[in-house]
Amino acid sequence: MKRLSRIGVLAAVTLVSSAHIGSPDTYYEGPAGPYRVRVIVRAPGIVPGLAQITVRLLDGARAGTVTVLPVYWDPRTAAPPPPDTARIVSGDSTLYDAALWLMTRGSYSVQVTVAGAAGTGTATVPVQAVATRRLGLDVPLAAGLAAFGAFLFIGAVTIVGAAVREAVLPPGQAPDPRRLRRARWAAGGGGAVLALALFGGRGWWNGVDRDFARGLYHPLASSAAVQTDHGQQILRFSILDSAWRARQMTPLIPDHGHLVHLFVIGTGGEVFAHLHPLLVDSNTFDAALPPLPTGPYRVYADITRESGFAETLTDTVSVSSAGGAGTWRPTDPDDAWTEATGASGPEAGAGAGAGRTVALGDGSRMTWQRGDSPLIAGQDAPLRFTVTAPDGRPAALEPYMGMAGHLMLSRDDGTVFVHLHPLGTISWAAQQTFLLRGPADTTRGMVGRRMTEAQAAMSQMNAPTTAEVSFPYAFPKPGRYRLWVQVKRQHRILTGVFDAEVR
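Because the structure is predicted, anything quoted here is derived from the model rather than measured.

Student: When you look at the side chain of Asp286 in this model, what are you seeing that I'm missing?
Tutor: Considering the arrangement of structural elements, one finds Asp286 in strand S15 (residues 284–288). Beyond its immediate sequence surroundings of up to four residues, Asp286 is in contact with Ile234, Leu235, Arg236, Pro277, Leu278, Val280 and Thr331.

Here it is as structure tokens:
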């Protein structure tokens, strides 16, 4: 039964694997110079493809113009085209929309520029252009094209026969039997040539289709396994893809100070761990595993490449026996884990529920300010949370890996997994690669070194304290979801766990 459960989980995950599992659209909320904007980029799913972009001005701002520009990551490519001007949506003076062609597979940044009375500002939104689906031909359209093709074929054969039979005859003269036979032979030969051309075209098209199918996006092949070292369980995560081992891709860069963010989730959602493994070699990472209960687990690994391409790798593991309680030695100070039924582990949160307030591990409480309206798939979700101290006062939160908080959500069947920040679904590291990269940065590892220096400087900055954290997002499909909201207070990582039903 355990083996069947593992196979079932792996099959479900594999079917939907993509950057942010089951949630291909990009959400960004943050500054564009003096303006605050919310940008949504809806992926076309094919490349070349037309991405739909909406830009909403927040805090009552007004703009004269809003432009959008796709910039490919490789500085050796041609200069980008002129930006497109977004159109204001009728009836809403703060909402603009545009459509952009993403012509090449890989990592883009969409530069959103807002110009108005307050000046001009630009926001950089990293976007992954990947082909995840193959468009089918609608039956009515296919039937119409087939009928039109047959009409053209018959017409071409008729023209060839008529040309041989009558083209050189004076007007009104009937063709003789010999010319009629020649016309029939010519029409047959023309039909054969056209049939060969159609057959060759079919072969060419099938070849193009096979190449496109082979080029559909698949995350890097990877594996997760549980090992034991001196009584401590170790989760080993390895990138097995041949293209990665052959160094055909740009190297990893740290995001929030870590090369890999590992998320280990019990198949029922009752157990959750957020780990940051250490680099063993260029393909392998190890993290001390918390004393998780026995059972199967889904593993998600967030990575970002130097090109700005961020993706989520997946696998499953089975934990056969839990480690001793209280013996866990985290690999990294930012590691944390929790059980939904109560607090467990030195940095765990506590409690889970479909309600709006849950208790945290230090006695404080987290409240989901979701309002009374139901959660609807495809509509902006009210993901705003406040934390109150045990005495009822607003709790002063500390930066957790450079952010006010982190939110991970998963659909109960594992077909959706997303790691959110207050900036949205984007990878902070991916955004920085476009801001730090220059035209001369063609050497492997150059941008990565700059990223490491930039994140070291960021870790020394004091972010303003607040008791509230929010995340821009829209649930991609209906179903039951579990949310894990991680914040930091008094040097302790706290996790609030919530359940949600999305219609």
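Student: Any chance you could explain a nonpolar patch on the surface here in plain terms?
Tutor: Taken together, the side chains of Leu50, Trp101 and Met103 define a hydrophobic patch exposed on the protein surface, amounting to about 320 Å² of accessible area. Note on placement: Leu50 falls in strand S3 (residues 49–57).

Student: Sorry if this is basic, but what is going on with the packing of helix H2 (residues 139–166) against helix H3 (residues 177–214) here?
Tutor: Helices that pack against each other are described as a pair by the angle of their axes relative to one another and the distance between those axes. In contact at an axis separation of 8 Å, H2 and H3 are set at 145 degrees when each is read in the N-to-C sense. Between H2 and H3 lies a crossing of right-handed hand. The segment H2 lies against H3, with Phe153, Ala156, Val157, Val160, Gly161, Val164 and Arg165 engaging Arg179, Leu180, Arg182, Ala183, Ala186, Ala187, Gly191, Leu194, Ala195 and Leu198.

Student: Would you explain the sheet that holds strand S12 (residues 261–266) in this entry?
Tutor: Within a beta sheet, neighbouring strands are joined by backbone hydrogen bonds and run either parallel or antiparallel to one another. With respect to topology, 5 strands assemble into an open sheet ordered S17-S16-S12-S13-S18, the strand pairing being antiparallel. The two strands at the open ends of the sheet, each matched to only one other strand, are strand S17 (310–319) and strand S18 (336–339). Adjacent strand axes in the sheet meet at a mean angle of 15 degrees when their direction is disregarded. Bridging between strand S16 (residues 295–304) and S17 involves 10 bridges; their strand directions are antiparallel. Counterpart to Tyr300 in the pairing with S17 is Thr314.

Student: Would you mind going over the packing of aromatic side chains with me for this structure?
Tutor: Aromatic ring pairs are reported here in terms of the distance separating the ring centres and the angle at which the planes meet. A complete count under the given rule lists 15 aromatic pairs for this structure. Look at Phe385 and Phe471: their rings are 6.3 Å apart centre to centre, the planes differ by 65 degrees, and that puts the pair in the edge-to-face class. Of this pair, Phe385 sits in strand S22 (residues 383–388) while Phe471 sits in strand S25 (residues 468–471), and the two are 86 residues apart along the sequence. Per residue, the accessibility class of Phe385 equals that of Phe471, and both read buried. Measuring from centroid to centroid gives 4.8 Å for Phe475 and Tyr481, while their planes differ by 55 degrees, and the two rings are tilted. Residue Phe475 is classed as buried on the basis of its relative accessible area, which comes to 1%. One aromatic cluster in this structure is built from Phe263, Phe272, Tyr300, Phe417 and Trp484. The ring of Trp368 is capped by Arg370, whose NZ or CZ atom sits 4.8 Å from the centre of that ring.

Student: Where do I start with the confidence of the model for the protein in this structure?
Tutor: Detailed reading of the predicted coordinates is not advisable wherever pLDDT falls low. On average, residues of the protein carry a pLDDT of 86, and 88% of them reach 70 or more. Contacts for the low-pLDDT stretch residues 1–18, under 50 throughout, to residues beyond four places or in other chains number 25 contacts. Long-range and interchain partners of residues 342–354, a stretch whose pLDDT sits below 50, account for 46 contacts in this model, where long-range means more than four residues apart.

Student: What should I look at first to understand the pattern of salt bridges in this one?
Tutor: Pairing between side chains of opposite charge can happen when their charged atoms approach one another. All chains considered together, the criterion is met by 18 salt bridges. Note that Asp209 is salt-bridged to Arg134, the shortest N-O span being 2.6 Å. Here the residue Asp209 occupies a position in helix H3, and Arg134 occupies one in the loop between strand S9 (119–129) and H2, the gap between them amounting to 75 residues. When the shortest N-O distance is used, the salt bridge between Glu468 and Arg384 registers 2.9 Å. With Glu468 in strand S25 and Arg384 in strand S22, this pair connects stretches of sequence that are 84 residues apart. Judged by its relative accessible area of 34%, Arg384 falls in the partly exposed class. Among the charged side chains, a salt-bridge network with shared partners connects Glu29, Arg36, Arg38 and Asp380.

Student: When you look at the nonpolar core in this model, what are you seeing that I'm missing?
Tutor: Nonpolar side chains in soluble globular proteins tend to be buried together. Val37, Val39 and Val114 are the most contacted members of the largest nonpolar core, which totals 36 residues. Residues contacting Val114, with those up to four places away along its chain left out, are Ala32, Tyr35, Val37, Leu57, Ala63, Thr65, Val66, Gly119, Thr120 and Gly121.

Student: What's the story with H3 in this structure? I'm lost.
Tutor: Since the α-helix packs 3.6 residues into each turn, any two residues three or four apart lie on the same face. An ideal rise of 1.5 Å per residue puts 56 Å on 38 residues; H3 measures up with 55 Å between its terminal C-alpha atoms. Where H3 is concerned, the buried positions are Arg179, Ala183, Ala187, Gly190, Gly191 and Gly207. On the buried face of H3, the contacting elements are H2.

Student: I would appreciate a short explanation of the sheet that holds S15 in the present structure.
Tutor: Reading across from one edge, S10-S11-S15-S14 is the order of the 4 strands in this open sheet, with antiparallel pairing throughout. If you trace the sheet from one side to the other, it starts and ends with strand S10 (222–229) and strand S14 (278–279), each paired once. Across 5 bridges, the pairing between strand S11 (residues 232–239) and S15 is antiparallel. Residue Arg236 lies in a different strand from S15, and its bridge partner there is Asp286.

What counts, and where the lines are drawn
- Residues numbered from 1 in each chain as written.
- Predicted model: local features only at pLDDT ≥ 70, side-chain atom pairs only at ≥ 80, totals over all residues.
- Heavy atoms only, no water.
- Helix = DSSP H or I, 4+ residues; strand = E, 2+ residues; numbered from the N terminus.
- Contact = heavy atoms within 4.5 Å.
- Patch = residues over 30% accessible without salt bridge, like charges linked within 9 Å, V, L, I, M, F, W, Y side chains within 5 Å.
- Areas by Shrake-Rupley, 256 points an atom, 1.4 Å probe, with all protein chains shown as cover.
- Salt bridge = Lys/Arg side-chain N within 4 Å of Asp/Glu carboxyl O.
- Axes fitted to C-alpha atoms, helices over the stretch in contact; angles between N-to-C directions.
- Left-handed = near helix turned anticlockwise from the far one by under 90°.
- Pairing = 2+ DSSP bridges.
- Phe/Tyr/Trp six-rings, centres within 6.5 Å; stacked < 30°, edge-to-face > 60°.
- Buried < 20%, exposed > 50% of the residue type's maximum accessible area, 1.4 Å probe, protein only.
- Lys NZ or Arg CZ within 6 Å of the ring centre and 35° of its normal.
- pLDDT = per-residue confidence, 0-100.
- Core = buried A, V, L, I, M, F, W, Y, C linked by side-chain atoms within 4.5 Å.
- Expected span 1.5 Å × (residues − 1).

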